[in-house]
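Below are the chains, spelled out letter by letter.
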Amino acid sequence: MSTAVEQAIADLPVPGAWRWDVVVRPRRRTLGIEIAEDGRVLFAIPADADPQEIADAVRGRMPRLAAEVRRRQGLRAAEPVKDLIGGEGFAYLGRRYRLRLTPDDAGRHVRLRQGWLELPRSRSVAADAGPLVEWYSSRGERWLAARLPPLASLAGVPGPADIKVRDLGRRWGACSPEGAITVHWAVIQLPVALVDLVLVHELCHLKHPGHGTAFRRAVRLALPDADVRERQFAQEEPRLWRGAVSSPRHESADAGRTGRGRLSCFVDHLAEEVG
């Protein structure tokens, strides 16, 4: 099946410089179009997908798809990089905090204190974003667990089985067939209204796996201003820090860079119902 779909897509005017793949996902009922950080395109298809229907769906979305590939490539080149020095700015739930280096006493850890984000000095010397990522993850997980119940009620779904905060690469949220939701730790930097958008998006996926009409209707029933929030999210997304830090010599360090090569399909809504 994937070979026939690959040939049908290859017969389209796909730009020659694109790198793309087709993968069969038996659990899918929809065509999923996913774009990697470097612009690679993945077409995820149902096991019984009709090659011509897939080709027609891709053809109709080609302009949006091309624009998104260019955008992803631009995002990679412009990914924010932080210096782990005193005074550097970090966001938490939409508010800005300056970094303050603290004495490296035993038991010292990252924390918010008196309007500062405090980081043990030895951690900054190593140019290691790990402690900050761990702080966003653990603090965000507690905050999200309290935030989810009222949003689940708005979305008309039971509370998720579990909520986790992890590095999801270029994906901002994910939900499992078992009903667990995972959110990228970088989302915790956003204003509360945009964090809610990510959560409602994933909650609605508990009922609607794809991004078709029923899914979009469910999101807008829960958040009538979803269109406004999505535009705001698109503006904020390029500014989100994903863990890239400068080395002590102020050279860009890949060690702190997260999500290289992962796949994304959040606000774009490029996945549509097939058939």
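Each chain has its residues counted from 1, running along the sequence as written. Whole-chain, interface and lining totals are the exception, using all residues; otherwise, since this is a predicted model, local features are given only for residues with pLDDT of at least 70 and side-chain atom pairs are given and counted only at 80 or more. For the side-chain quantities, the full set of heavy atoms in the structure was used; hydrogens and water were omitted.

## Comments concerning the overall build of the chain
Numbering goes from the N terminus for both helices and strands, where a helix is a DSSP run of H or I of at least four residues and a strand is a run of E of at least two. The helix and strand inventory of the chain stands at seven helices and 14 strands. Burial status follows relative accessibility: with a 1.4 Å probe on protein chains alone, a residue under 20% of its type maximum counts as buried, one over 50% as exposed, and anything between as partly exposed. Classification of the 275 residues of the chain by burial places 50% in the buried group. Residue exposure ignores everything except the shown protein chains as possible cover, and the areas themselves are Shrake-Rupley values with a 1.4 Å probe. For the chain, the exposed surface amounts to about 13000 Å²; the carbon and sulfur share of it is 50%.

## Topic: unusual backbone geometry
Even without a glycine there, the phi angle at L93 is positive, about 50 degrees. Among the secondary structure elements, L93 is positioned in the loop between strand 4 (89-92) and strand 5 (95-102). Owing to a relative accessible area of 17%, L93 belongs among the buried residues under this scheme. The phi dihedral of Q114 falls on the positive side, at around 50 degrees, and the residue is not glycine. Summarising the element assignment, Q114 is placed in the loop between strand 6 (111-113) and strand 7 (116-120).

## What to know about the pairing of strand 2 (residues 30-36)
For a regular strand, side chains alternate in direction, first toward one face of the sheet and then toward the other. Counting buried residues along strand 2, seven of its seven residues qualify, which places the element largely inside the surrounding structure. By the alternation rule, side chains of strand 2 split into T30, G32, E34 and A36 and L31, I33 and I35, which are all buried. With four bridges connecting them, strand 2 and strand 3 (residues 41-45) associate as antiparallel partners. Counterpart to I35 in the pairing with strand 3 is V41. Pairing between strands is defined by DSSP: at least two bridges between them are needed.

## Topic: the packing of helix 5 (residues 192-205) against helix 6 (residues 213-222)
For the pair helix 5 and helix 6, the least separation of the axes is 9 Å and the interaxial angle reads 135 degrees. The pairing of helix 5 with helix 6 is recorded here as oblique in orientation. For the element pair helix 5 and helix 6, the recorded crossing hand is right-handed. The segment helix 5 lies against helix 6, with V200, H201, C204 and H205 engaging F215, A218, V219 and A222. When its residues are assigned to classes, the contact of helix 5 with helix 6 shows six nonpolar, two polar and no charged. In this analysis, axes come from line fits to C-alpha atoms, helices being fitted only over the stretch in contact, and the angle between any two N-to-C directions falls in the range 0 to 180 degrees. By the definition adopted for this analysis, an angle is roughly parallel if under 35 degrees, roughly antiparallel if over 145, roughly perpendicular if from 65 to 115, and oblique otherwise. When the near helix sits turned anticlockwise from the far one by under a right angle, the crossing is termed left-handed; a clockwise turn instead gives a right-handed crossing. Residues count as neighbours in contact if any of their non-hydrogen atoms are within 4.5 Å of one another. In this classification, the charged set is Asp, Glu, Lys and Arg, the nonpolar set is Ala, Val, Leu, Ile, Met, Phe, Trp, Tyr, Cys and Pro, and all remaining amino acids, among them Gly, are polar.

## Regarding helix 4 (residues 130-155)
Throughout, bend refers to the angle between the axes fitted to the seven residues that end at a position and the seven residues that start at it. The largest bend along helix 4 measures about 40 degrees and falls at L148, with the proline P149 one to four residues further on. Within the span of helix 4, buried status applies to P131, L132, V133, W135, Y136, S137, G140, L144, L148, L151, A152 and A155. Positive phi appears at G156, one or two residues downstream of helix 4, with a value of about 70 degrees.

## What to know about the nonpolar core
In these notes, a set of buried Ala, Val, Leu, Ile, Met, Phe, Trp, Tyr and Cys residues joined through side-chain atoms within 4.5 Å is what counts as a nonpolar core. Grouped together as the largest cluster of nonpolar side chains are 49 residues, with contacts concentrated most on F90, L117, L132, Y136, L144, L203 and W241. Per-element tally for this core: the top contributor is helix 4, with nine residues. With residues up to four places along the chain from it excluded, the contact list for L132 reads L84, F90, V110, L117, L119 and W241.

## Looking at the confidence of the model for the chain
With 83% of its residues at a pLDDT of 70 or more, the chain has an overall mean of 83. Averaged over each element, pLDDT in the chain is lowest for strand 12 (residues 252-253) (35) and highest for strand 4 (96). pLDDT measures the predictor's confidence residue by residue and takes values from 0 up to 100. A low-confidence stretch, residues 249-275 (pLDDT under 50), is modelled with 97 contacts involving residues beyond four sequence positions or located in other chains.

## Notes on the environment of W185
Tracing the chain through its elements places W185 in the loop between strand 10 (180-184) and helix 5. Classification of W185 by relative accessible area gives buried; the value is 0%. C-alpha of W185 to C-alpha of W172: the two residues are 13 residues apart in sequence and 8.4 Å apart in space.

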